[in-house]
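Fold and geometry: a report
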Amino acid sequence: MTSFWSPLIKRAKDLSASGETAELLTFYAGVLRAQQAIYEHLNSVGTGTARGGFRDDLSALLSCLPTLLEVVAETGSELLANEARRLSGEGQESLRSMLISYWQTRADHSFFAKALVQPYARLMADRGVEQLERRPAIDESRCPFCGGRPQLGLFSHEDSDVAEGSRRLLCSTCLSEWPFPRCTCPFCMEQRPSNLAYFGAPEFAHVSIEACDTCSHYFKRIDLTKFGLAAPLVDEVASAPLDVWARERGYRKIELNLVGV
Ligand SMILES: [Zn+2]
Ligand SMILES: [Zn+2]
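Structure report, in brief.

What counts as what
Residues numbered from 1 in each chain as written. Chains lettered and ligands numbered in written order. Predicted model: local features only at pLDDT ≥ 70, side-chain atom pairs only at ≥ 80, totals over all residues. Heavy atoms only, no water. Donors = N, O, S within 2.8 Å, 3.2 Å for Na, K, Ca; no water. Tetrahedral: all angles 85-135°; square planar, octahedral: opposite > 155°, others 65-115°. Helix = DSSP H or I, 4+ residues; strand = E, 2+ residues; numbered from the N terminus. Core = buried A, V, L, I, M, F, W, Y, C linked by side-chain atoms within 4.5 Å. Buried < 20%, exposed > 50% of the residue type's maximum accessible area, 1.4 Å probe, protein only. Domains from an automatic or database assignment. Contact = heavy atoms within 4.5 Å. Arc of directions from axis to C-beta.

For the rest of this paragraph, the subject is the coordination of the zinc ion (ligand 1). On the protein side, the zinc ion (ligand 1) has Cys143 (SG), Cys146 (SG), Cys171 (SG) and Cys174 (SG) as donor atoms, found 2.3 to 2.4 Å from it. The coordination sphere of the zinc ion (ligand 1) comprises four donor atoms, whose angles at the metal cover 99 to 117°; the geometry is tetrahedral. Mapped onto the sequence, the residues coordinating the zinc ion (ligand 1) show the spacing C-x2-C-x24-C-x2-C. Of this pair, Cys143 sits in the loop between helix 7 (111-127) and strand 1 (150-155) while Cys174 sits in the loop between strand 2 (166-171) and strand 3 (177-181); the two residues are 31 residues apart in sequence, bridging distant segments of the chain.

Our focus in this paragraph is the nonpolar core. Counting 80 residues, the largest nonpolar core has Leu68, Leu99, Phe111 and Phe112 as its most contacted members. Taken domain by domain, this core gets at least three of its residues from each of domain 1 (2-127) and domain 2 (150-253). Not counting residues up to four positions away in its chain, the partners in contact with Leu68 are Val31, Ala34, Ile38, Phe112, Ala115 and Leu116.

With that out of the way, let us pick up helix 10 (residues 240-248). One turn of the α-helix equals 3.6 residues, which is why residues spaced by three or four share an orientation. Residues of helix 10 that are buried include every one of Ala240, Leu242, Asp243 and Ala246, and no others. Looking straight down helix 10, one finds its buried side chains confined to an arc of 145°; they lie on one side. The secondary structure elements touched by the buried residues of helix 10 are strand 4 (196-201), strand 5 (204-212), strand 6 (217-223), helix 9 (232-238) and strand 7 (252-253). Downstream of helix 10 by one or two residues, Gly250 has phi in the positive range, about 90°.

Here you go:
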C-alpha cells in the first residue's frame with residue numbers, strides 16, 4: 001500500500017538535485033514523506049476510525065497533524081513555517097473547523113488542510129470505501145469518488161489500448177484517477193476544438209498545458225507514453241515554468257498544486 005508514495009518521494013528527490021524548481025521539490029519531498037507517514041498511521045489505527053465519514057474521522061486525522069507541522073516548520077517558506085508554528089498552538093475546535101471548511105470548499109490555497117486530507121482520502125480510495133462523505137456535490141468536472149477538482153491529466157499506453165480518445169484525470173484531494181474524454185475541458189466541459197489549446201516546451205517533452213478559451217482555465221497533462229519514468233504529481237510541480245507561461249497568457253489553473261504553483 002505504501003508503494004504509492006515511495007516513487008513520488010524518490011522522483012522529487014532526484015529532480016531536486018538541480019534546476020530552478022530544486023527548492024520547491026526539496027520541500028515537496030519532505031511533505032510527501034510526512035504524507036506517507038500519515039497514510040501509514042491512519043492505515044494502522046483500528047477499524048472503528050478512518051472509515052470515510054469525514055466528521056467521524058476528524059480526530060484520527062488531527063492526531064496526524066503534528067507530523068506535518070514539524071516538517072513544514074523546519075523546511076517550509078517563512079510564511080508556511082510561521083503558519084505551522086501558529087497552528088501547533090491552535091485548539092482542536094479551530095483545527096476541526098479548518099478541515100471541515102477545506103472539505104466543503106476544497107480551496108486549493110489551504111495548504112495544511114489539503115496536505116493532511118490527501119493521504120486520508122487516498123487511503124479511503126485504496127480501502128474501497130463505498131461512499132466517502134462527498135462535499136461539494138459531484139458534477140462531471142469533479143472526482144466521482146470524493147468531489148475533488150482534477151490536479152492533472154494523464155495519458156499512458158493503457159489509455160491508448162483501452163479506448164480511443166480516453167485519458168485519466170488525477171484528483172487533487174484523494175489522488176486517485178478517473179477516466180475522462182480527451183478533448184474536453186474538465187472545468188467547463190467545452191469540446192469545440194477551436195476553443196481548446198495545447199502548449200508545450202522542448203525541456204518538458206512529456207508535459208503539456210491544456211487551456212480552454214471558453215472558461216480561461218488550464219491544467220497540465222503528463223504523457224507517460226513519452227516518458228514512462230515520470231511520477232505525474234512530481235513532474236507537474238517540476239514543470240512550474242510552464243505555469244508561468246500559461247498565467248502570462250491570462251489562463252488560470254483549475255487547481256493549484258500542493259506547493260502553491
Ligand atoms: Zn477524489
Ligand atoms: Zn473550460
